[in-house]
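# Working through the structure, step by step
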Amino acid sequence: MKGNFVCTGWVALLVITMVATEAWARPKLTFWNMPFNSQEVSLNYVKWWEQEIAQALPDLEVEKYYGPGTYEDARKNFVVQAKTGKPDVIEGLVEDLTVYTKQDLIADLTEVFNSWAEQDQFVPSTVKALTLDGKVYGIPYNTNARVLLYRKDLLTEYGLEVPKTWDDYVNVASTITKKSGKKVAGTYFCSRIGDPRAFQEFVSWYFQVSEREPIFKKGDDGKWKVHATPENFTKVLKLYADLVFANPDFPAIDLNQRGNGWPEEDNGYVAGKWAMVPMGPWIWGHRKDNGTARAILEEKTAIAPLPIPKDGVLATYLEVKPMMINKYSKNPKEAWEMTKFITARDAMAGWAWDSGFIPARKDVSELENFKHSWWQQGFSAQLATAVALEPVNWLPPQQTMLQAVGMVIYQKKTPAEAGQWLYDELVKQAEKGLL
């Protein structure tokens, strides 16, 4: 009896040990991304994604913690902790990719991407945007261009035309503010320092006055130099000043929103607080918020190109969002398998349809529901005029550009003074090798 008990105990211990060893040996991967933490993608999609990846990759365990939230917080935390191996995969902005490559924190995916049978399904321009010095550092899952999203019902009610020029934009926005009794501000712009959307809006306007010319170019010595001009910066900053001060009684924006960022922009639009916004397609995900948001997005909204300045050109910021693999991941092969799943046709199609972004795969865009979606087609039509950013470290210039915006909208400097200051600061950053 005693011997049987001892034997049974050892067998039980062996079984427990085997189970524990199997669980321990099963790679646990961490995937940081902002949309799973925000309203850009629904909880239903996240649940679907978790179920599907568990079935598709049963030998992996994916943590259900999706990072610290905003892109700014994710970037700051990743730079500090990447060398610990976590997270294994990180979603982000193309601006983040240039930061991570300069700090040697993300893996070169050229070989695995080129050997992937599905590589030809990706839109070439999206892969190019994530390629530095001939090496692919991210797999695109999302692309978009900025458009002018506007309340067609309000423009009809007030007898207004969709603005086509910057002057029209300021005048129409101010008129809406006035005719609504300030219940609805004519437009909104992001201006919080550190807010990625504020920077992306600024460069969209800049590409219009520069005829799609870049802000920085490499010199003969291989170093980045400022290609922009103080005059073009001044033109952009004057637009911001006009939106605030051109009609002091009925400004184009809600003055209390100065210094705010993308959460206020998105949530304010779907709540009916702003009539026009420079916007990307992600806001489509808000239609699930409530009845008001759904009605505004599905019934009362239309899409137009961004207004352009006199003597300017139609241009907008090209956004490409990559999936990147931590160079220090302890499970690089498994991280690549997870990245392939995330950017595969079905996962990308579900995510794009749920949140409204333009998919980076041709086979997704060719699906019937995408081809017949006014939302998808409206944003896709602007991709031809979208401009990709130069592969520099955008963090210092981004901060400086938004400081210049702040100087203007709070009347610390004139547009001309702020434009010259911005140019001088960018030259200093280039000379110090901060790019």
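The preceding data block contains the structure.
Residue numbering note: each chain is counted from 1, following its sequence as written. Where local features are concerned, this predicted model is filtered to residues with pLDDT of at least 70; where side-chain atom pairs are given and counted, the filter is 80 or more; whole-chain, interface and lining totals use all residues. As a rule here, side-chain values come from all non-hydrogen atoms in the structure, and water together with hydrogens is ignored.

### Here we look at the pairing of strand 14 (residues 316–325)
As a reminder, the rule being used: Only protein chains enter the accessibility calculation, which uses a 1.4 Å probe. A residue is then buried if its area is under 20% of the maximum for its type, exposed if over 50%, and partly exposed in between. Helix and strand definitions follow DSSP, with helices as H or I runs of at least four residues and strands as E runs of at least two, each counted in order from the N terminus. In this scheme, strands are said to pair when DSSP sees at least two bridges between them.
The element strand 14 is extensively covered by neighbouring structure, given that 10 of its 10 residues are classed as buried. Alignment of strand 4 (residues 89–91) against strand 14, held across three bridges, turns out to be antiparallel. Residue pairing for strand 14: isoleucine 90 is matched across the bridge by methionine 324. Where strand 7 (residues 139–145) lies against strand 14, six bridges are found, and the strand directions are antiparallel. Its bridge partner lying in strand 14, proline 140 is registered against proline 322. Relative to strand 16 (residues 386–387), strand 14 runs parallel, the two sharing two bridges. The residue bridging tyrosine 317 from the neighbouring strand is valine 387, located in strand 16.

### Structural notes on the environment of glutamine 55
Along the chain, glutamine 55 falls in helix 2 (residues 43–56). Put simply, glutamine 55 and leucine 297 are 242 residues apart on the chain and 34 Å apart in space, counted from C-alpha to C-alpha.

### What about the pattern of salt bridges?
As a reminder of what qualifies: Note on definitions: salt bridges are taken to be side-chain nitrogens of Lys or Arg within 4 Å of carboxyl oxygens of Asp or Glu.
What the rule picks out here adds up to 25 salt bridges. The shortest N-O distance in the salt bridge between glutamate 61 and lysine 28 comes to 3.8 Å. Of this pair, glutamate 61 sits in strand 3 (residues 61–62) while lysine 28 is found in strand 1 (residues 28–29), placing the two residues 33 residues apart along the sequence. With relative accessibility at 39%, the residue lysine 28 sits in the partly exposed group. Here lysine 86 makes a salt bridge to aspartate 88, at a shortest N to O gap of 2.8 Å. Each of the salt bridges in this network shares a partner with another, and the network as a whole consists of Glu72, Lys76, Arg192 and Asp195.

### Observations concerning the pairing of strand 8 (residues 147–151)
Taken across its five residues, strand 8 has five buried, putting it largely inside the fold. What you see with strand 8 is no split at all: Val147, Leu149 and Arg151 on one side and Leu148 and Tyr150 on the other are buried throughout. Note that strand 8 and strand 12 (residues 274–279) share four bridges and pair antiparallel. Across the sheet, leucine 149 pairs through a bridge with valine 277, a residue of strand 12. Pairing analysis gives four bridges linking strand 8 to strand 13 (residues 301–304), with the strands arranged antiparallel. Along strand 13, the bridge assignment pairs leucine 148 with alanine 304.

### Regarding the side chain of serine 191
Where we set the bar: Any pair of N or O atoms that falls within 3.5 Å is considered a polar contact. Within protein, one atom must be able to donate a hydrogen and the other to accept it, and sequence-neighbouring residues count only if both atoms are side-chain atoms. Whether two residues are in contact is decided by their heavy atoms: any pair within 4.5 Å suffices.
In this structure, serine 191 sits in the loop between strand 9 (185–187) and helix 9 (196–209). Here the side chain of serine 191 touches glycine 259 through a polar contact of 2.7 Å, landing on its backbone nitrogen. Sequence-distant contacts of serine 191, that is, excluding residues within four places in its chain, are made with Ala198, Gln257, Arg258, Gly259, Asn260, Val405 and Ile409.

### So, the environment of alanine 185
Looking at the element boundaries, alanine 185 is found in strand 9. What makes alanine 185 buried here is its relative accessible area of 8%. Note: C-alpha distance between alanine 185 and threonine 84 (101 residues apart in sequence) is 47 Å. Aside from chain neighbours lying at most four places away, what touches alanine 185 is Thr177, Ala252, Ile253, Asp254, Lys273, Trp274 and Ala275.

### Notes on the packing of aromatic side chains
Quick note on the threshold: Aromatic rings from Phe, Tyr and Trp, with only the six-membered ring used for Trp, were paired whenever their centres fell within 6.5 Å, and each pair was classed as stacked if the ring planes differed by under 30 degrees, edge-to-face if by over 60, and tilted otherwise.
What the rule picks out here adds up to 32 aromatic pairs. Measuring from centroid to centroid gives 6.3 Å for tryptophan 49 and tyrosine 66, while their planes differ by 80°, and the two rings are edge-to-face. Of this pair, tryptophan 49 sits in helix 2 while tyrosine 66 sits in the loop between strand 3 and helix 3 (71–81); the two residues are 17 residues apart in sequence, bridging distant segments of the chain. Of the two residues, tryptophan 49 and tyrosine 66, neither departs from the other in class, the shared state being buried. One aromatic cluster is present, formed by Phe31, Phe36, Tyr45, Trp48, Trp49, Tyr66, Tyr141, Phe341, Trp351 and Phe357 through successive ring pairs.

### Here's the deal with unusual backbone geometry
For the bond from lysine 86 to proline 87, the omega torsion is -5°, close enough to zero to count as cis. With respect to the helices and strands, the residue proline 87 is situated in the loop between helix 3 and strand 4. Even without a glycine there, the phi angle at lysine 182 is positive, about 65°. Structurally, lysine 182 can be placed in the loop between helix 8 (166–179) and strand 9. The exposure class assigned to lysine 182 is exposed, which follows from its relative accessible area of 52%.

### A few points about helix 2
Operational definition: What a helix is expected to span follows from its residue count: subtract one and scale by 1.5 Å. What the arc covers is the set of directions going from the helix axis to the C-beta atoms.
The terminal C-alpha atoms of helix 2 lie 20 Å apart, and with 14 residues this matches the ideal 20 Å at 1.5 Å per residue to within 8%. Residues Tyr45, Val46, Trp49, Glu50 and Ile53 constitute the buried set of helix 2. An end-on view of helix 2 places all buried positions within 140° of arc, on one side of the element. Of the exposed residues in helix 2, the ones pointing more than 90 degrees away from its buried face are Asn44 and Gln55.

### Quick word on the nonpolar core
We count it as follows: Nonpolar cores were defined as sets of buried Ala, Val, Leu, Ile, Met, Phe, Trp, Tyr and Cys residues, with membership established by side-chain atoms within 4.5 Å.
By size, the foremost hydrophobic cluster in this structure holds 77 residues, and its most contacted members are Phe202, Val203, Ile215, Phe216, Met276 and Met401. No other element matches helix 10 (residues 230–245), which puts eight residues into this core. Not counting residues up to four positions away in its chain, the partners in contact with phenylalanine 216 are Trp224, Lys225, Val226, His227, Glu390, Val392, Trp394, Pro397, Leu426 and Leu435. Residues Val147, Ala198, Ile296 and Phe370 belong to the second largest nonpolar core, which totals 63 residues.

Bear in mind that shape data such as this cannot, by itself, settle questions of function.
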